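# Structural features, examined
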Amino acid sequence: MADFIALCVSGLPPELLHNAILFYDGEKEQQSFKNTLRAALSESMQPGIFLRNIKAVPAKRIDGLQIADMLAGFIRSDPFSIRSSMVKIIQYPD
């Protein structure tokens, strides 16, 4: 899971990543996953791009995490019906 998150994050524009806080759905007590995620991100990030922090937060506290959970559930339920040309969540400027 950490490698997948790192892959998704590494494809974002550097100006969105630098000095940002990454929130993920979880509990503060899950320190081992946070450490694994931090290591995966440090390997996949471009040189000179640093996240300010990585925080575990229950999804019920942040609307964006609830949306991410719904999208992940949608994709997981029928991955063959999803194509990047069919579902476009956000387009970053070139």
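It should be emphasised that the depicted structure is a prediction, and the values quoted were computed from it without experimental measurement.

A word on a negative patch on the surface. Judged by side-chain charge, Asp25, Glu27, Glu29 and Asp69 come together as a negatively charged surface patch. Locating glutamate 27 in the fold gives a position in the loop between strand 1 (21–25) and helix 3 (31–44). Look at glutamate 27 and you get partly exposed, because its relative accessible area is 41%.

With that settled, the discussion passes to the packing of aromatic side chains. On inspection of all chains with the given rule, the structure shows one aromatic pair. Relative to phenylalanine 33, the ring of tyrosine 24 lies with its centre 5.3 Å away and its plane at 70°, an arrangement referred to as edge-to-face. On the accessibility criterion, tyrosine 24 (8% relative accessible area) is buried. Accessibility expressed as a relative area gives 24% for phenylalanine 33, which makes it partly exposed.

Each value, and the rule that gives it
Residues numbered from 1 in each chain as written. Predicted model: local features only at pLDDT ≥ 70, side-chain atom pairs only at ≥ 80, totals over all residues. Heavy atoms only, no water. Patch = residues over 30% accessible without salt bridge, like charges linked within 9 Å, V, L, I, M, F, W, Y side chains within 5 Å. Areas by Shrake-Rupley, 256 points an atom, 1.4 Å probe, with all protein chains shown as cover. Salt bridge = Lys/Arg side-chain N within 4 Å of Asp/Glu carboxyl O. Lys, Arg positive; Asp, Glu negative; His and termini not counted. Charge placed at Lys NZ, Arg CZ, Asp CG, Glu CD. Helix = DSSP H or I, 4+ residues; strand = E, 2+ residues; numbered from the N terminus. Buried < 20%, exposed > 50% of the residue type's maximum accessible area, 1.4 Å probe, protein only. Phe/Tyr/Trp six-rings, centres within 6.5 Å; stacked < 30°, edge-to-face > 60°.

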